[in-house]
Amino acid sequence: TSTSDHTSTELLDGVYYWAVRATDGAGNNGPQSSVFTFLVDTAQPSAPNLIAPADQTATADNTPAFDWSDATDASPSSGVLYDLFVDNTNDFSTPEVQANNLAASDYVVGTALADGTYFWKVKSKDQAGNDPNSGIFTFTIDTTTPSITAATLTPNIVGTTAQITITKTVTDAV
């Protein structure tokens, strides 16, 4: 029994096939193993561009739909998947939503998010571990209707001319 290692020179991106065969000291060749394949993929997929919710917008929908552009990956490609991150802080340290390995370039949140401001980004990735991030967008969820907390009507009649002044105070949670 013996073991031998072989280290190749640097391989270019592409699909490679390999098999092994044992040869003894007398030159007798054993049977060839099954053929195996592997992919060298050093090309990064393109970073997705965020589409919706648009940057610095507000919505009353607390289960928003997220949409971003399809990423491309140079051939040979192992395919592109996406990771979506939504957080109420821009460091994404404790995401409110994290959806991994998405095949499509859109996602609808299944659990309602609380009112507030959120940051979101998407990472495109291939199976080789190449994974650029999109930019970061912000949006605000505001499901609370505004309320009028005070209103006054002040009429002013001068001769045949009537004017009214309406003063109101409106509050909104977000």
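Above this note sits the structure.
Here's what I pulled together on the structure shown here.

Cut-off values and rules
- Residues numbered from 1 in each chain as written.
- Predicted model: local features only at pLDDT ≥ 70, side-chain atom pairs only at ≥ 80, totals over all residues.
- Heavy atoms only, no water.
- Pairing = 2+ DSSP bridges.
- Helix = DSSP H or I, 4+ residues; strand = E, 2+ residues; numbered from the N terminus.
- Axes fitted to C-alpha atoms, helices over the stretch in contact; angles between N-to-C directions.
- Salt bridge = Lys/Arg side-chain N within 4 Å of Asp/Glu carboxyl O.
- Buried < 20%, exposed > 50% of the residue type's maximum accessible area, 1.4 Å probe, protein only.
- Phe/Tyr/Trp six-rings, centres within 6.5 Å; stacked < 30°, edge-to-face > 60°.
- Lys NZ or Arg CZ within 6 Å of the ring centre and 35° of its normal.

Further remarks concern the sheet that holds strand β5 (residues 65-68). Ordered by their spatial adjacency, three strands build an open sheet running β3-β5-β8, and the pairing between neighbours is antiparallel. The open sheet has two edge strands, β3 (50-52) and β8 (106-108), and neither has a second partner. Along the sheet, successive strands turn relative to each other by an average axial angle of 20 degrees, direction set aside. In this sheet, β8 lies alongside β5 in antiparallel orientation, the contact comprising three bridges. For alanine 65, the partnering residue across the bridge sits in β8 and is valine 108.

This part covers the pattern of salt bridges. Per the stated rule, a full pass over the model turns up two salt bridges. Two residues, lysine 125 and aspartate 83, come together in a salt bridge whose shortest N-O distance is 3.1 Å. You can see lysine 125 sitting in strand β9 (residues 116-126) and its partner aspartate 83 sitting in strand β6 (residues 80-87), a full 42 residues away along the chain. By relative accessible area, which is 6% here, aspartate 83 ends up buried. For lysine 123, the salt bridge goes to aspartate 131, with nearest N and O atoms at 3.6 Å.

Before going further, it helps to spend a moment on the sheet that holds strand β4 (residues 57-59). In space, the five strands of this open sheet follow the order β4-β10-β9-β6-β7, with mixed pairing throughout. Unpaired on one side and paired on the other, β4 and β7 (97-102) mark the two borders of the sheet. This sheet shows a mean twist of 25 degrees between the axes of neighbouring strands, independent of strand direction. As paired elements, β6 and β9 share eight bridges and run antiparallel to each other. Bridge pairing links valine 86 to tryptophan 120 in β9.

What follows deals with unusual backbone geometry. Of the consecutive residues alanine 52 and proline 53, the connecting peptide bond is found in the cis state with omega at 0 degrees. Residue placement: proline 53 occurs in the loop between β3 and β4. Its identity is not glycine, yet glutamine 56 carries a phi of approximately 60 degrees, on the positive side. Within the secondary structure, glutamine 56 is located in the loop between β3 and β4. For glutamine 56, a relative accessible area of 66% translates into the label exposed.

This part is about the packing of aromatic side chains. Counted by the stated rule, this structure contains seven aromatic pairs. When the centroid spacing of 5.5 Å and the interplanar angle of 20 degrees are considered together, the rings of tyrosine 16 and phenylalanine 38 count as stacked. In this pair, tyrosine 16 sits in strand β1 (residues 14-18) while phenylalanine 38 sits in strand β2 (residues 36-40), placing the two residues 22 residues apart along the sequence. Look at phenylalanine 38 and you get partly exposed, because its relative accessible area is 34%. Relative to phenylalanine 36, the ring of tryptophan 18 lies with its centre 4.8 Å away and its plane at 25 degrees, an arrangement referred to as stacked. Highlighted residues: tryptophan 18 in strand β1 and phenylalanine 36 in strand β2, separated in sequence by 18 residues. Residue tryptophan 18 is classed as partly exposed on the basis of its relative accessible area of 40%. On the basis of relative accessible area, phenylalanine 36 is assigned to the partly exposed category, the value being 40%. Through a chain of ring-to-ring contacts, the aromatic side chains of Phe66, Tyr118, Trp120, Phe137 and Phe139 assemble into a single cluster. The ring of phenylalanine 85 carries lysine 121 above its face, with NZ or CZ at 5.6 Å from the centroid.

Geometry only, nothing functional implied.
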